[in-house]
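Structural description and commentary
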Amino acid sequence: VADGAIVFCAGAPIRLADGRGVGAIWVTDTEPKAFDQDLADYLTDLAALAADEWKRHNVREDLAKAAGEVAAARNMISAFVQAAPVALCMVDKAMRVIQASPRWRAERQSEDVAGQSLYEAYPDTQRWAPVYNRCLKGQTVQHDRVPVNLPDGRHLWARVEINPWREADGEIGGLLIMSVDVTRTADALEEAKRNEERL
């Protein structure tokens, strides 16, 4: 046997939980050795540790990918809220405002309230707390005509729709609250009703 030649080799396969082999742990030597159960067990343990690390690495990659997808989805929803031609507010499960559309803020004469509690930013919304709580459990609520008192003293009628939105894992992440000014329509219906009664 030539000097430095490998004459001993022992190894253990690196196997994932689904049975796939992704490599092996090897030990070599230039001296011949008899079978050693302790060494075999040590190599098997090392191979199991390597498989666990492989799994952790893949889990970290999957989580990073999922987090990126969630962030992209939230950015898209936020962009939609900002461009919405209706009064629209997006809140998280703690009722903190994530985004409010320009029309929502204009109607309520408020600046950007992102990060604030909806109840603190708009105290009159406290009366909606029971409805919001139902929606946070998965219910969708619609009201065709709701009286709204604006900060400038104006009164209007609004059609309100409250929907839960969901995270990537399917869990409810918060609410989308939409209101559309239907004052003209409501006034026209009332006028038509009065005219019909007069007739």
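The paragraphs below set out a description of the structure included in this document. Given the structure is predicted, the values throughout are model-derived calculations rather than measurements.

Reading guide: rules and limits
- Residues numbered from 1 in each chain as written.
- Predicted model: local features only at pLDDT ≥ 70, side-chain atom pairs only at ≥ 80, totals over all residues.
- Heavy atoms only, no water.
- Salt bridge = Lys/Arg side-chain N within 4 Å of Asp/Glu carboxyl O.
- Buried < 20%, exposed > 50% of the residue type's maximum accessible area, 1.4 Å probe, protein only.
- Helix = DSSP H or I, 4+ residues; strand = E, 2+ residues; numbered from the N terminus.
- Expected span 1.5 Å × (residues − 1).
- Contact = heavy atoms within 4.5 Å.
- Polar contact = N/O pair within 3.5 Å; in protein donor to acceptor, adjacent residues only side chain to side chain.
- Patch = residues over 30% accessible without salt bridge, like charges linked within 9 Å, V, L, I, M, F, W, Y side chains within 5 Å.
- Areas by Shrake-Rupley, 256 points an atom, 1.4 Å probe, with all protein chains shown as cover.
- Lys, Arg positive; Asp, Glu negative; His and termini not counted.
- Charge placed at Lys NZ, Arg CZ, Asp CG, Glu CD.
- 1 Å grid on protein atoms, 1.4 Å probe; cavity = no way out; pocket = protein on both sides within 12 Å on 5 of 7 lines; lining within 4 Å.
- Points joined across faces, edges and corners; volume = space filled by probe spheres on them.
- Nonpolar A, V, L, I, M, F, W, Y, C, P; charged D, E, K, R; others polar.

Further remarks concern the pattern of salt bridges. Overall, the coordinates contain six salt bridges when judged by the stated rule. For Arg20, the salt bridge is made with Asp18, and the minimal N-O distance between the two is 2.8 Å. In this structure, Lys33 and Asp29 form a salt bridge, with 3.2 Å as the shortest nitrogen-oxygen distance. The exposure class assigned to Lys33 is partly exposed, which follows from its relative accessible area of 47%.

The periodicity of an α-helix, 3.6 residues per turn, causes residues three or four positions apart to be oriented the same way. Along its 47 residues, helix H1 (residues 37–83) runs 69 Å from first to last C-alpha, staying within 8% of the 69 Å computed at 1.5 Å per residue. For H1, every residue scored as buried is listed here: Leu43, Ala47, Ala51, Ser78 and Val81. Buried-residue contacts for H1 involve strand E1 (8–15), strand E2 (21–29), strand E3 (87–92), strand E4 (97–100), helix H2 (102–107) and strand E7 (172–181). Near the N-terminus of H1, the side chain that reaches the backbone nitrogen of Asp38, with its oxygen 2.9 Å away, is that of Asp36.

As a further point, take a negative patch on the surface. Negative charge collects at one region of the surface, where Asp36, Asp38, Asp41 and Asp45 lie side by side. Topologically, Asp41 is positioned in helix H1. We classify Asp41 as partly exposed; its relative accessible area is 38%.

Okay, the layout of surface pockets next. In this structure, the largest pocket spans a volume of roughly 330 Å³. If you trace the largest pocket, you find 20 residues lining it, with Arg108, Asp124, Thr125, Arg127 and Val148 closest to the centre. Within the residue set of the lining of the largest pocket, elements represented by two or more residues are strand E5 (141–149), strand E6 (155–166) and E7. For the lining of the largest pocket, the class distribution of residues is 14 nonpolar, three polar and three charged.

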